[in-house]
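As a plain string of letters, each chain reads:
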Number of protein chains: 2
Amino acid sequence: MQSAKEIINFAIVGSGHVATRLADAFISAGQIPKGILSNSEQGKELAKSLNLPLFKSPQEAKNIDLWILCIKDDALNEEYASQFPKDALVCHTAGSVPISILGRKNKTGVFYPLQTLSKDKKIDFANIPICLEGQNDEDIEVLKKLASSISSDIRILNSDQRMSAHLAAVFVSNFVNYCYHIGFDLLDSQGVDFNILAPLIEETANKIKYLSPQNAQTGPAKRGDQNIMEKHIELLKSWPEYQNIYKILSHAIERNK
Amino acid sequence: MQSAKEIINFAIVGSGHVATRLADAFISAGQIPKGILSNSEQGKELAKSLNLPLFKSPQEAKNIDLWILCIKDDALNEEYASQFPKDALVCHTAGSVPISILGRKNKTGVFYPLQTLSKDKKIDFANIPICLEGQNDEDIEVLKKLASSISSDIRILNSDQRMSAHLAAVFVSNFVNYCYHIGFDLLDSQGVDFNILAPLIEETANKIKYLSPQNAQTGPAKRGDQNIMEKHIELLKSWPEYQNIYKILSHAIERNK
């Protein structure tokens, strides 16, 4: 054991966005994975680009204490997890999958970074919440040590809490981005540059640091301004899908006044 | 006329959020309104707090070249506008109201700041787009001079463009905030602090400075991950309204893949 930072013997399983971004972050933090476990061409390339050993099976690796599964949610199951040595901790990185999916009476965990990860965009993990789950304090301690090498925001969440956090993330990130998309289309149809909305988008995201979303709500639906809403609905007549979204969200805001 | 900055003889009409925020911004920029026109108690207080003259009618004021109407959309009409001297420019500040609402063959305009304005929160107008419309170059020049005293982002938009910009603003601000509200409720039900979403909200708003919203789209609906979407819909069974919003936005994203 080193004095300041404990080196953890861990390996990353997979080769997609999450594997790439996590491996990058760990390497930058000086927590070097012992290798990448993958059978795909993409995995071979990832290991090569990061200058890490490539494992084709868990048996090829020696003395790995922790396997971090960055694979598709559908691939997570008891049989898959059973290939790893019984004394190694096996954890997945999925928001909406319970810890129990991995079976195994013990030595399972979850290491879930709550952020939108893109393959092509490096990301600074320093303030990204890492949601951890384990079956005992000892396992959680190992995950905490690893997580704290890349982030200062570590949270212990159970599977129900993590699933709600993931679902909330869909609303505040995926659905929010789709609202940006609609805004883009509406402006584009009138030849107005999308960057006209940049200060508003920034202020809207910023406001909720100081106000609850309930108190930060503004707009025609919040004011109950039927005239403006009717005009907007009329304006959306060539976009029935956007019109429907406008009606449903406006009604929901009106009911929540 | 002063050398660097031309002083404009203008007055503000109204006493709500827009009147308050604009008057504040003009005063900070050294473009002091000649007065506040209002008949309400609130208007009296606003004029007093800003140390400006209060006018009860346009006739009480002398030599005003520009009246900025910060009043309710519903109150904007030809009769209302006709009370102002014919040689003064009269402009409204509404996103979804055409310039033609003010009647008057000439000397009408629009001065629309595209931002979410709260009565209690001061705002830095420096980067806020001010959307201007006028009937001739001379009037637009006056509006430009006034706008450039508070912002560096001045845009000439016609009434159709401005209405689309306002509608787009509803999507990227009001509806986005409502998505934050739903995220808050979902986390709250599991005892998880809303601040867990702060980095994700920031990154989502930040991403579209570099990527189009179409290219920035991520999440289960974008990937077509039916398993996760089914889980989320099941999880939302106690919130039928949120469940409906989830389904409609997910389907829209899937169709737009």
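Residues numbered from 1 in each chain as written. Chains lettered and ligands numbered in written order. Predicted model: local features only at pLDDT ≥ 70, side-chain atom pairs only at ≥ 80, totals over all residues. Heavy atoms only, no water.

1. Remarks on the pairing of strand 4 (residues 66-69) of chain B
All names here are of chain B.
Here is step 1: What you see with strand 4 is no split at all: Leu 66 and Ile 68 on one side and Trp 67 and Leu 69 on the other are buried throughout.
Here is step 2: Where strand 1 (residues 10-13) and strand 4 come together, four bridges link them in parallel fashion. Its bridge partner lying in strand 4, Ala 11 is registered against Trp 67.
Here is step 3: Here four bridges tie strand 4 to strand 5 (residues 89-92), and the two strands are oriented parallel to one another. In the sheet register, Trp 67 faces strand 5, and the bridge partner there is Val 90. (Buried < 20%, exposed > 50% of the residue type's maximum accessible area, 1.4 Å probe, protein only. Helix = DSSP H or I, 4+ residues; strand = E, 2+ residues; numbered from the N terminus. Pairing = 2+ DSSP bridges.)

2. Thoughts on the sheet that holds strand 8 (residues 154-156) of chain A
Two pairing modes exist for strands in a sheet, parallel and antiparallel, and in both the strands are linked by backbone hydrogen bonds.
Residue and element names in this part refer to chain A.
Here is step 1: Reading across from one edge, 3-2-1-4-5-6-7-8 is the order of the eight strands in this open sheet, with mixed pairing throughout. Two strands close off the open sheet at either side, each with one partner strand: strand 3 (54-55) and strand 8.
Here is step 2: In terms of strand pairing, strand 6 (residues 108-113) meets strand 7 (residues 130-134) through five bridges, oriented antiparallel. Directly across from Tyr 112, in strand 7, lies its bridge partner Cys 131.

3. Quick notes on the relation of the copies chain A and chain B
Here is step 1: Rotating chain A by 180° about the axis while translating it 0.0 Å along that axis superimposes it on chain B, leaving an RMSD of 0.0 Å. Between the two chains, the operation in question is that of a two-fold axis. For chain A, the smallest separation between a C-alpha atom and the rotation axis is recorded for Val176(A), amounting to 2.6 Å.
Here is step 2: Comparing interface residues between copies, 100% of those in chain A also sit at the interface in chain B, which points to an isologous, same-surface contact. (Least-squares fit on C-alpha atoms with pLDDT ≥ 70 in both. Contact = heavy atoms within 4.5 Å.)

4. Some remarks on the interface of chain A and chain B
Here is step 1: Chain A puts 85 residues into the contact, and the matching count from chain B is 85 residues.
Here is step 2: Both faces combined, the contact of chain A with chain B buries some 8300 Å², and carbon together with sulfur accounts for 68% of it.
Here is step 3: Looking at the side of chain A facing chain B, the largest losses of area belong to Phe171(A), Val172(A) and Ile196(A), adding up to 8% of the total buried there.
Here is step 4: At the junction of chain A and chain B, the tally comes to four salt bridges.
Here is step 5: A salt bridge links Glu202(B) to Lys209(A), with the nearest nitrogen and oxygen atoms 3.7 Å apart. (Buried area = accessible area lost by both parts, 1.4 Å probe. Salt bridge = Lys/Arg side-chain N within 4 Å of Asp/Glu carboxyl O.)

5. Thoughts on the pattern of salt bridges
Oppositely charged side chains can pair when the atoms bearing their charge come close.
Residues and elements named next belong to chain B.
Here is step 1: Under the criterion given, the structure shown has 20 salt bridges over all chains.
Here is step 2: The partner of Arg 155 in a salt bridge is Asp 153, with the nearest N and O atoms 2.9 Å apart.
Here is step 3: Given the relative accessible area of 16%, Arg 155 is considered buried.

6. Considering helix 2 (residues 41-50) of chain A
All names here are of chain A.
Here is step 1: What helix 2 keeps buried is the set Gly 43, Leu 46, Ala 47 and Leu 50. Down the axis of helix 2, the sector holding all buried residues measures 95°, keeping them to one side. Away from its buried face by more than 90 degrees, helix 2 exposes Glu 41, Glu 45, Lys 48 and Ser 49.
Here is step 2: Following helix 2 by one or two positions, Asn 51 adopts a phi angle in the positive range, close to 60°. (Arc of directions from axis to C-beta.)

7. What to know about the packing of helix 5 (residues 159-188) of chain A against helix 9 (residues 226-235) of chain B
Here is step 1: In contact at an axis separation of 11 Å, helix 5 of chain A and helix 9 of chain B are set at 105° when each is read in the N-to-C sense. Accordingly, the angle class assigned to the pair helix 5 of chain A and helix 9 of chain B is roughly perpendicular. Contact with helix 5 of chain A, carried on its side by Met163(A), Ser164(A), His166(A), Leu167(A) and Val170(A), involves Ile228(B), Lys231(B), His232(B) and Leu235(B) of helix 9 of chain B and no other residues of that element.
Here is step 2: Residue classes in the contact of helix 5 of chain A with helix 9 of chain B are distributed as five nonpolar, three polar and one charged. (Axes fitted to C-alpha atoms, helices over the stretch in contact; angles between N-to-C directions. Parallel < 35°, antiparallel > 145°, perpendicular 65-115°, else oblique. Nonpolar A, V, L, I, M, F, W, Y, C, P; charged D, E, K, R; others polar.)

8. Observations regarding the side chain of Lys207(B)
Here is step 1: Note on placement: Lys207(B) falls in helix 6 (residues 198-207).
Here is step 2: Only 3.0 Å separates the side chain of Lys207(B) from the side chain of Thr116(A), close enough to count as a polar contact. (Polar contact = N/O pair within 3.5 Å; in protein donor to acceptor, adjacent residues only side chain to side chain.)

9. Remarks on the sheet that holds strand 7 (residues 130-134) of chain B
Residue and element names in this part refer to chain B.
Here is step 1: Here we have eight strands laid out as an open sheet, ordered 3-2-1-4-5-6-7-8, and mixed in their pairing. With partners counted over all chains shown, the strands left at the sheet margins are strand 3 (54-55) and strand 8 (154-156), one partner each.
Here is step 2: As judged from the two bridges shared by strand 1 and strand 2 (residues 36-37), these two strands associate in the parallel manner. Bridged to Ile 12 within strand 2 is Ile 36.

10. Some words on the packing of aromatic side chains
Here is step 1: Overall, the coordinates contain 22 aromatic pairs over all chains when judged by the stated rule.
Here is step 2: Note on Trp67(B) and Phe84(B): the rings are 5.0 Å apart at their centroids and 45° apart in plane angle, and the pair reads as tilted. With Trp67(B) in strand 4 and Phe84(B) in the loop between helix 3 (78-81) and strand 5, this pair connects stretches of sequence that are 17 residues apart. Like Phe84(B), Trp67(B) is buried.
Here is step 3: The structure contains a cluster of three or more aromatic residues connected by ring pairs, namely Phe55(A), Trp67(A), Tyr80(A) and Phe84(A). (Phe/Tyr/Trp six-rings, centres within 6.5 Å; stacked < 30°, edge-to-face > 60°.)

11. Here's the deal with unusual backbone geometry
Here is step 1: Of note, Asn51(A) is a non-glycine position whose phi angle comes to about 60°, a positive value.
Here is step 2: Following the sequence through the fold, Asn51(A) ends up in the loop between helix 2 and strand 3.

12. Quick notes on the side chain of Gln115(B)
Here is step 1: Considering the arrangement of structural elements, one finds Gln115(B) in the loop between strand 6 (108-113) and strand 7.
Here is step 2: Take Gln115(B): its relative accessible area is 11%, and that puts it in the buried class.
Here is step 3: Among the polar contacts made by the side chain of Gln115(B), one reaches the main-chain carbonyl oxygen of Pro199(A) at a distance of 3.3 Å.
Here is step 4: The residues contacting Gln115(B), other than those within four sequence positions of it, are Pro199(A), Leu200(A), Glu203(A), Ile123(B) and Ile128(B).

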